[in-house]
Each structure stands twice: as structure tokens, then as C-alpha cells.
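Summary of structural features
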Amino acid sequence: GDSVTQTEGPVTVSESESLIINCTYSATSIAYPNLFWYVRYPGEGLQLLLKVITAGQKGSSRGFEATYNKETTSFHLQKASVQESDSAVYYCALGSSNTNKVVFGTGTRLQVLP
Amino acid sequence: EAAVTQSPRNKVTVTGGNVTLSCRQTNSHNYMYWYRQDTGHGLRLIHYSYGAGNLQIGDVPDGYKATRTTQEDFFLLLELASPSQTSLYFCASSGGLGTSYEQYFGPGTRLTVL
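Below you will find a few notes about this structure.

Quick notes on the rules
Residues numbered from 1 in each chain as written. Chains lettered and ligands numbered in written order. Predicted model: local features only at pLDDT ≥ 70, side-chain atom pairs only at ≥ 80, totals over all residues. Heavy atoms only, no water. Core = buried A, V, L, I, M, F, W, Y, C linked by side-chain atoms within 4.5 Å. Buried < 20%, exposed > 50% of the residue type's maximum accessible area, 1.4 Å probe, protein only. Helix = DSSP H or I, 4+ residues; strand = E, 2+ residues; numbered from the N terminus. Contact = heavy atoms within 4.5 Å. Pairing = 2+ DSSP bridges. Axes fitted to C-alpha atoms, helices over the stretch in contact; angles between N-to-C directions. Disulfide = S-S within 2.5 Å. Buried area = accessible area lost by both parts, 1.4 Å probe. Salt bridge = Lys/Arg side-chain N within 4 Å of Asp/Glu carboxyl O. Polar contact = N/O pair within 3.5 Å; in protein donor to acceptor, adjacent residues only side chain to side chain. Nonpolar A, V, L, I, M, F, W, Y, C, P; charged D, E, K, R; others polar.

A closer look at the nonpolar core
In terms of nonpolar packing, the biggest core is built from 28 residues, with Trp 37, Leu 49, Leu 50, Phe 75, Leu 77 and Tyr 90 of chain A touching the most fellow members. Counting residues per element, this core draws most heavily on strand 10 (residues 88-95) of chain A, which supplies 4 residues. The contacts of Phe 75 of chain A, once residues within four sequence positions are left out, are Cys 23, Leu 35, Phe 36, Trp 37, Leu 50, Val 52, Ala 66, Thr 67, Tyr 68 and Cys 92 of chain A. Judged by nonpolar contacts, the second largest core, of 19 residues, contains Val 102 and Phe 104 of chain A together with Tyr 31 and Tyr 33 of chain B.

Overview of the sheet that holds strand 7 (residues 58-61) of chain A
Residue and element names in this part refer to chain A. Across the sheet, which stays open at both edges, the 4 strands sit in the order 3-9-8-7 with antiparallel pairing between neighbours. Every other strand in the sheet has two partners, leaving strand 3 (19-21) and strand 7 as the edge strands with one partner each. Each strand of the sheet is rotated relative to its neighbour by a mean of 20 degrees, with strand direction disregarded. Relative to strand 9 (residues 77-79), strand 8 (residues 64-67) runs antiparallel, the two sharing 3 bridges. What sits directly across from Glu 65, in strand 9, is Gln 78.

Things to note about the state of the cysteines
All names here are of chain B. Counted under the stated rule, the structure contains 2 disulfides over all chains. The disulfide partner of Cys 23 is Cys 91, and the S-S distance across this bridge is 1.9 Å. Because the torsion about its S-S bond is -75 degrees, the bridge between Cys 23 and Cys 91 counts as left-handed. One end of the pair, Cys 23, is in strand 3 (residues 19-25); the other, Cys 91, is in strand 9 (residues 87-94), with 68 residues separating them in the sequence.

Here we look at the interface of chain B and chain A
Listed per partner, the contact involves 21 residues of chain B and 21 residues of chain A. Taken over both partners, the interface formed by chain B and chain A buries close to 1600 Å², and the fraction arising from carbon and sulfur atoms is 53%. Linking chain B with chain A are 0 salt bridges. At the junction of chain B and chain A, the tally comes to 2 residue pairs in polar contact (both at pLDDT 80 or more). Put simply, the parts of the chain that give the side of chain B that touches chain A at least two residues each are strand 4 (31-37), strand 5 (44-49) and strand 9 of chain B. The class makeup of the residues in the side of chain B that touches chain A is 9 nonpolar, 9 polar and 3 charged.

Side note on the pairing of strand 7 (residues 65-68) of chain B
On any regular strand, side chains alternate: one points to one face of the sheet, the next to the other face. All names here are of chain B. Burial of strand 7 is one-sided: the residues Ala 66 and Arg 68 facing one way are buried, the residues Lys 65 and Thr 67 facing the other way are not. Judged from the 4 bridges that link them, strand 7 and strand 8 (residues 73-78) form a sheet pairing that is antiparallel. Directly across from Arg 68, in strand 8, lies its bridge partner Phe 74. Counting the residues in the hairpin turn of strand 7 and strand 8 gives 4 residues.

Here we look at the side chain of Gln 6 of chain A
Residue and element names in this part refer to chain A. Tracing the backbone shows Gln 6 in strand 1 (residues 3-6). Judged by relative accessible area, Gln 6 falls into the buried class, the value being 8%. A polar contact of 2.8 Å, which involves the side chain of Gln 6, links it to the backbone oxygen of Tyr 90. Here Thr 108 takes part through its side chain, which lies 2.8 Å from a polar atom of the side chain of Gln 6.

Examining the sheet that holds strand 1 (residues 4-7) of chain B
Residues and elements named next belong to chain B. Within the open sheet, the 4 strands sit side by side as 1-3-8-7. Their pairing is antiparallel. Of all strands in the sheet, those bounded by a partner on one side alone are strand 1 and strand 7. On average, each strand axis in the sheet is inclined to that of its neighbour by 15 degrees, with strand direction left out of account. Note: strand 3 against strand 8, 6 bridges, orientation antiparallel. Pairing of Ser 22 across the sheet is with Phe 75, part of strand 8.

Here we look at the pairing of strand 11 (residues 109-113) of chain B
Residue and element names in this part refer to chain B. Residues Thr 109, Leu 111 and Val 113 of strand 11 are buried on one face, while the alternating residues Arg 110 and Thr 112, pointing to the opposite face, are not. Across 3 bridges, the pairing between strand 9 and strand 11 is antiparallel. Considered in strand 11, the bridge of Leu 88 is made with Arg 110.

In C-alpha cells form, the structure reads like this:
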């Protein structure tokens, strides 16, 4: 079936350090998967961080970036220098443009220390 | 001016209790969704709707009913709550079907069934 596996949290890094949260996917029923990263800040709902619909492309937002790698079925989230305000839960997800089905990873809690 | 609101934010009930979770969106979106999130799982779709009076079955519908009374309002009903329904529930809305349309999430309702 379709699934998403991501880094198990919590992940703790110090401010200004680099970050990578791994995400790999399996898309057996979705011919052309779209890939997403969502973020959930404390007390808020999930919000879309970035989205990539074409293999080989990179998405970026708020200093975060992720590249859709079809060969390794990966979509890792990276940031060169994190800030305390990046502390949140990050969800990797895959979906399709023509169905309602969105498969979410379990979420990775990131804590950035000042 | 949050576009998707949920109430209550926290709820504690007993086994066999009757619970209604409410969701309202002011995005003028046609689609609304109910998800649950549990430790070790990604968000899982319970029910969704594409308009007032419509209801579609999601991936984990057992034990849940839902009703869409207006374009704005979508309710999740647990008529005989069980401890296995202890979870964090998210409501979301989107302008259309499929991942071409971003989903906008509410802040979540934490339900505990004792």
C-alpha cells in the first residue's frame, strides 16, 4: 500500500545548526504522487510548508527545502540554520491530484534550543 | 480570524458516552474532512464531505458518524465512545478534491475516553 516513513522524533538541535528530517515513501496505488511537508506549531493546526508535484524538482519555503527524488523515493526536509521559532511538528505526506487520498507520516517533533 | 475552528479543544468523556465534535470553516470551501492522529500513526481520514448533506466514508470510519449541516459546519459524532477513540482529532477544508487543492486545518480537539 501507500505509506510514508519519516524520522522518529523528537529531534533536538541548537539554534543556527543545520537540520535534516528524513522522509521516504511508497506509492503503489498513486501513479504520479505529489509530495508535501506540513508543519504544526504549538496550539495550531497543520499548515502546508511546501509541496512538489514533479519528480526531480525542489520546493522551498521559510528557509526549508526538500527535493522530490523518485529514484530513492525520498523527500527529505532540510534547513541550513534553524531558529527557535522552527520548533514544531513536521509531517511528510504524499497524495494525488485526482483523488482525496493523502497519506501522512507520523510526524517528527523538532525542538530547537536557544 | 482563523479560517477553520474546532470545538471543544479538549474533551473528556467516559466509555459509552455521547460526544459531538464541531468544526466550522469560513473559507467557502466545498470539501471538509475529519482526521484522527494517534501516536505512531500519521493522520488518518475518518469521513469527508463535499457539501451540505453529503458524507463520504474515509479510511477509519468505524464507530464514527458525521454530518455536514451547512457549507460551513461539519460535525463528528461518537455515539458510544470507547477508549480506543482517545485521540487528537483534526478538521480540515479544501476548495476541491485532490492535492491540487491545499487543505486548511483546524487546531485540533484532544479527546480522552476513560
